[in-house]
Amino acid sequence: MTITDDQLGRLKKLIDEILAGNHFYKRKLIEAGISGSSCLRSIADLELLPLTTREELTEDQALHPPFGTNLTYPTDRYVHWHRTSGAQGRPLHWLDTKESWNWLKACWVSVFDAAEVSSKDRIFYAFSFGPFLGFWIAWAAAEEIGALRFSGANQSSIERLRNIVNFQITVVCSTPTYALHLAEIAEKEGIDLRNSAVSKLIVAGEPGGSIRETRTRIERNWGAIVFDHAGATEIGPHSFACSQARRLHLNEGEYIAELLNDGGSNSKTGELMLTNLGRSGSPVIRYRTGDLVQIDDNPCPCGRPFISFTGGIVGRLDEMITIRGVNVFPSAVESVLRRFEQVEEFRIEVSRVQSLDEMVVTVEVSSDLIVPAIRNELVNTFGLRIPVIAVTPNTLPRFEMKARRFIDKRAG
Ligand SMILES: [Zn+2]
């Protein structure tokens, strides 16, 4: 059976299941003229289904608090509650049934499999374990593969580092930013991470794991290999990096991916739209992720038939900055700044002056002699003169979770 045959079969099953009890999607599907799975004759008929936006889900939860109506079963069938960060507006609540949880867990096992993490590994989670789905599902998946797992909750960075070394941890899960932060502290405290047992880091939450310069810096500081991974509470763990090329692959065995763009069906760049096929208790169908991706057509040496993304998730569409007609993503600016070993931390501020975007970059460096070289590199990369301000070390904030380096003052 081909991937698309399998996807179609599972999509049809999902549609019938949610039409029976899910008020949110039942209303949307009926409005779109979909009365049952028989309306879908091929995977191309996916286009008949309505798109889902985050705003709709937020509005639905506001109208039907606290959990909204994207629930296929009565609430007593659900066993997990999670919540999004609220970084893109009001936080979303998300419930999962035991069956959906098992499916999510299997998706995370795919992340471990692709990175060749096994029962022989010891995994450390450098997180505080908040309400996001990601921590808990990655934690559950480690048990599934039989690895020994260690929670980093309620520990300072230095305690985490000592535990990583003392317990001979082989795999660390964190955000790319926090991996760099831990390395910075290890350096100051004289902790030798490069000669620790850590051989792999699985990072998520920011584009960094697929930004070559950021990844290289993490790998150099840790003496370990970095694997990117992408997911979201409302979607699940959808993409993982393989061990051969470390490209970010979309798990097409469990998700259907589409691109939303203005460039016609041949364009390989656009907003990633996802349908998850195994989370029937609270699914998303043709969900607009807000993430910009570029499809890589070349077959991957790992042999996976799944599509992959050039440079991972490029960035969030709402973070795109247009300066004098040039589109710039914060991740692209990050890739330039990370070329300079002297830049410990940075911040990108964007404002709108007379309906034009303006960007200022602040870099944390011990000597501002490097600033002209950074300005030149930005000009060479983007063809734009971007103001660069130097500040002294330890001036800018550090982050444990998703970094807030991008300050957008354009709203309103
Ligand atoms: Zn691959």
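Description of the structure in this document. These figures come from a predicted structure and were not determined experimentally.

Another point: the packing of helix α6 (residues 157-166) against helix α7 (residues 176-189). Interhelical geometry of α6 versus α7 gives an angle of 85 degrees and a closest axis separation of 10 Å. Regarding the angle of α6 to α7, the classification is roughly perpendicular. Contacts between α6 and α7 involve Ser157, Ile158, Arg160, Leu161 and Ile164 on the former and, on the latter, Tyr178, His181, Leu182, Ile185, Ala186 and Glu189. Within the contact of α6 with α7, the residues separate by chemical class into seven nonpolar, two polar and two charged.

Right, let's talk about the coordination of the zinc ion for a bit. Taken together, Cys242 (SG), His249 (NE2), Cys300 (SG) and Cys302 (SG) make up the full set of protein donors to the zinc ion, lying 2.1 to 2.3 Å away. Taken in chain order, the donor set of the zinc ion reads C-x6-H-x50-C-x1-C. Highlighted residues: histidine 249 in strand β9 (residues 248-250) and cysteine 302 in the loop between β12 (287-296) and β13 (308-309), separated in sequence by 53 residues. The exposure classification of histidine 249 matches that of cysteine 302, with both residues buried.

Moving on to the environment of arginine 352. Among the secondary structure elements, arginine 352 is positioned in strand β17 (residues 345-353). With relative accessibility at 44%, the residue arginine 352 sits in the partly exposed group. Each C-alpha atom of the pair arginine 352 and aspartate 408 lies 9.2 Å from the other, and the pair is 56 residues apart in sequence. Only 2.9 Å separates the side chain of arginine 352 from the side chain of aspartate 357, close enough to count as a polar contact.

If you walk across this open sheet you meet the four strands as β19-β18-β17-β20, and the pairing is mixed. Looking along the sheet, the strands with just one partner apiece sit at the ends: β19 (388-391) and β20 (406-408). Looking at each pair of strands side by side, their axes are set apart by 20 degrees on average, direction ignored. Relative to β20, β17 is paired through three bridges, and the arrangement is parallel. Bridged to glutamate 349 within β20 is isoleucine 407. Together, β18 (356-364) and β19 form the strand contacts of helix α10 (residues 371-382), whose direction differs from that of β19 by roughly 150 degrees.

The next point concerns the state of the cysteines. Simply put, the disulfide is a covalent bond whose two ends are the sulfur atoms of two cysteines. Scanning all chains against the criterion turns up zero disulfides. With no disulfide of its own, cysteine 173 lies 16 Å from the sulfur of cysteine 107, the closest cysteine sulfur.

This paragraph deals with the nonpolar core. Core analysis: the biggest nonpolar cluster contains 64 residues, and Ile15, Leu49, Trp108, Phe112, Ile123, Tyr125 and Ile202 have the highest contact counts within it. A per-element tally of this core places helix α4 (residues 98-114) first, with nine residues. Grouped together as the second largest cluster of nonpolar side chains are 24 residues, Val343, Val350, Leu378 and Phe382 included.

Residue proline 65 is joined to proline 66 through a cis peptide bond whose omega torsion reads -5 degrees. The phi dihedral of glutamine 354 falls on the positive side, at around 50 degrees, and the residue is not glycine.

Another aspect to go through is the environment of proline 131. Topologically, proline 131 is positioned in the loop between β3 (122-125) and α5 (133-145). By relative accessible area, which is 26% here, proline 131 ends up partly exposed. Remark: the alpha-carbon pair of proline 131 and aspartate 45, spanning 86 residues in sequence, is separated by 36 Å.

Per the counting criterion, the structure on display carries one cavity of 30 Å³ or more. Along its surface, the largest cavity is lined by Leu57, Asp60, Gln61, Phe67, Asn70, Leu71, His93, Trp94, Leu95 and Ser282. Among the elements of the structure, α3 (54-63) and β2 (93-97) are those that each provide at least two residues to the lining of the largest cavity. Residues that form the lining of the largest cavity fall into these classes: five nonpolar, four polar and one charged.

Here lysine 200 shows up in strand β6 (residues 200-203). No salt bridge is formed by the buried lysine 200; the nearest opposite charge belongs to aspartate 121, separated by 5.1 Å. At 3.0 Å, the side chain of lysine 200 forms a polar contact with the backbone oxygen of alanine 115. Polar contacts involving the side chain of lysine 200 include one to the main-chain carbonyl oxygen of glutamate 116, which spans 2.9 Å.

Procedures and definitions
Residues numbered from 1 in each chain as written. Predicted model: local features only at pLDDT ≥ 70, side-chain atom pairs only at ≥ 80, totals over all residues. Heavy atoms only, no water. Axes fitted to C-alpha atoms, helices over the stretch in contact; angles between N-to-C directions. Helix = DSSP H or I, 4+ residues; strand = E, 2+ residues; numbered from the N terminus. Parallel < 35°, antiparallel > 145°, perpendicular 65-115°, else oblique. Contact = heavy atoms within 4.5 Å. Nonpolar A, V, L, I, M, F, W, Y, C, P; charged D, E, K, R; others polar. Donors = N, O, S within 2.8 Å, 3.2 Å for Na, K, Ca; no water. Buried < 20%, exposed > 50% of the residue type's maximum accessible area, 1.4 Å probe, protein only. Polar contact = N/O pair within 3.5 Å; in protein donor to acceptor, adjacent residues only side chain to side chain. Pairing = 2+ DSSP bridges. Disulfide = S-S within 2.5 Å. Core = buried A, V, L, I, M, F, W, Y, C linked by side-chain atoms within 4.5 Å. 1 Å grid on protein atoms, 1.4 Å probe; cavity = no way out; pocket = protein on both sides within 12 Å on 5 of 7 lines; lining within 4 Å. Points joined across faces, edges and corners; volume = space filled by probe spheres on them. Lys, Arg positive; Asp, Glu negative; His and termini not counted. Salt bridge = Lys/Arg side-chain N within 4 Å of Asp/Glu carboxyl O.

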